[in-house]
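Understanding the architecture of this molecule
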Amino acid sequence: MSRPNFSESRANDGFETVPNSSRRLLLLPLHETKMIWLINGPRMRVEASPAGIVKVFEPLAQQSFKNIWRQVVVRGLTAGKTTLVARDGDEVKARLSITVRPVLNIPTAFHFVGDSTSADHRTGVSSRAGKRQPGDVDSLIQTLNDIFVPQAAIRFQKMYWRYVTVNGNIGDSVVVSSSPVAGDLWSRITSLGERSARFNVFFVRDMDVNGLAGNQGGATAIGGNDCIIEDSEDGVSLAHEAGHALGLLDSSTRKNRLMYSITGQRGQFISRVEADRINS
Ligand SMILES: [Zn+2]
């Protein structure tokens, strides 16, 4: 029989096998529950050491002793580190290092950007405010949280959405500079943000970044509070921009990563190194 081991039950759920190592890690947000597999460990005893950091359940008793794939459920009881072990008698056959981490909340405000030159004089709504609907905001924030809560213990909280109007003409495509200066279009748009928000999202019909080749769908300063993103971008793109806002850089090597630089080709994986950088 193959070696016993713990394994993820779904991708992008905070489980990681450390590259070039047999170490397995699980990030568990405080008070949350996750299911993992114990493979090839029939009859083994599963427990956490030290105790008290997580509660361990084996929800399907009939699986517990014979099956090659055993469900194990853990719930984070208190912040800290523990190791889930599978024992055969006194011998430890498999290990999973679990970190229980409090959830960091990110107050987030959404702004539908229009301009004064195209504003309807009765409604005040600008025809340059784009095609994104206020109802889209909830599904976008759901996608952010589906990616960031399990993998980084970070939750984006919607403060509100609103229309904002930039004085003057923002153009049919909002062209911003990659190194903004006071008074430029980037600054005129982002100055309309919510000061108490950690993440301000500005929706525009179309955007581009001066000096960068190709179509740019979103722009966010590394570690900044503001993101300008065009209407054609989806929730995974917004999550990528949110990663920049939290301090993550583009990753050019692995396509399975959320921070892979090319839109439409990237996955949703946040590595543990990245998670530790943005919330530890
Ligand atoms: Zn990027």
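Residues numbered from 1 in each chain as written. Predicted model: local features only at pLDDT ≥ 70, side-chain atom pairs only at ≥ 80, totals over all residues.

1. As for the sheet that holds strand β8 (residues 80-88)
To keep it simple, the criterion reads: Only strands that DSSP links by at least two bridges are regarded as paired with each other. Per the convention used, a helix needs a DSSP run of H or I reaching at least four residues, while a strand needs a run of E reaching at least two, with both numbered from the N terminus. Think of each axis as a best-fit line through the C-alpha atoms, taken over the contacting stretch in the case of a helix, with angles from 0 to 180 degrees between the N-to-C directions.
The strand order across the open sheet formed by 5 strands is β2-β3-β9-β8-β5, and the pairing between neighbours is mixed. Pairing within the sheet leaves two strands with one partner each, and these edge strands are β2 (15-17) and β5 (45-49). Each neighbouring strand pair of the sheet contributes to a mean axis angle of 25°, computed without reference to strand direction. Across 9 bridges, β8 lies against strand β9 (residues 91-101) in antiparallel orientation. Bridge assignment links T82 to a residue of β9, and that residue is I98.

2. Focus: the pairing of strand β16 (residues 226-230)
Quick reminder of the rule: Here the C-beta atoms are placed from the backbone, and a residue counts as buried if at least 20 other C-beta atoms lie within 10 Å of its own, exposed if 12 or fewer do, and partly exposed otherwise.
Counting buried positions along β16 gives 5 out of 5 residues, so the element sits mostly inside the fold. Covered by surrounding structure in β16 are D226, I228 and E230 together with C227 and I229, the residues of both alternating faces. Sheet topology places strand β13 (residues 199-204) next to β16; 5 bridges connect them, and they run parallel. Bridge assignment links F202 to a residue of β16, and that residue is I228. Pairing of strand β15 (residues 218-220) with β16, which is carried by 3 bridges, proceeds in the antiparallel orientation.

3. Digging into the nonpolar core
Keep this limit in mind: Among buried residues, those of type Ala, Val, Leu, Ile, Met, Phe, Trp, Tyr and Cys that are joined through C-beta atoms within 7 Å form a set called a nonpolar core. Those domain boundaries reflect an automatic or database domain assignment. Think of it this way: build a C-beta for each residue from its backbone, and any pair within 7 Å is a contact.
Core analysis: the biggest nonpolar cluster contains 66 residues, and V113, L144 and I228 have the highest contact counts within it. Counting residues per element, this core draws most heavily on helix α1 (residues 136-152), which supplies 6 residues. In this structure, this core is formed jointly by two domains, domain 1 (5-101) and domain 2 (104-278), each of which donates at least three residues. Not counting chain neighbours up to four residues away, the residues in contact with V113 comprise A129, V164, V166, I170, I189, F202, F203 and V204.

4. Some points on the domain arrangement of the protein
Applied cut-off: Amino acids are sorted into nonpolar (Ala, Val, Leu, Ile, Met, Phe, Trp, Tyr, Cys and Pro), charged (Asp, Glu, Lys and Arg) and polar (every other residue, Gly among them).
What the domain assignment reports for the protein is domain 1 (5-101) and domain 2 (104-278). Taken over C-alpha atoms, the centre of domain 1 sits 36 Å from the centre of domain 2. Between domain 1 and domain 2, the contact holds 8 residues from the first and 10 residues from the second. Broken down by element, the side of domain 1 that touches domain 2 gets its largest block of residues, 3 residues, from strand β3 (residues 24-29). A breakdown of the residues in the side of domain 1 that touches domain 2 according to their chemical character gives 3 nonpolar, 2 polar and 3 charged.

5. What to know about α1
Structurally, the α-helix is built with 3.6 residues per turn, so residues lying three or four positions apart point the same way. Operational definition: Expected helix span is taken as 1.5 Å per residue step, with the number of steps being one fewer than the number of residues. Bend, at a single residue, is the angle you get between axes fitted to the 7 residues ending at that residue and the 7 residues starting at it.
Taking 1.5 Å as the rise per residue, α1 with 17 residues should run 24 Å; its terminal C-alpha atoms sit 24 Å apart, in good agreement. Its maximal kink placed at N145, α1 deviates by approximately 25°. Of the positions making up α1, those classed as buried are L140, I141, L144, I147, F148, P150, Q151 and A152. Of the surrounding elements, those touching the buried residues of α1 are β3, β10 (104-115), β11 (154-166), α3 (235-245) and α4 (272-278). Once α1 ends, the next one or two residues include A153, with phi positive near 55°.

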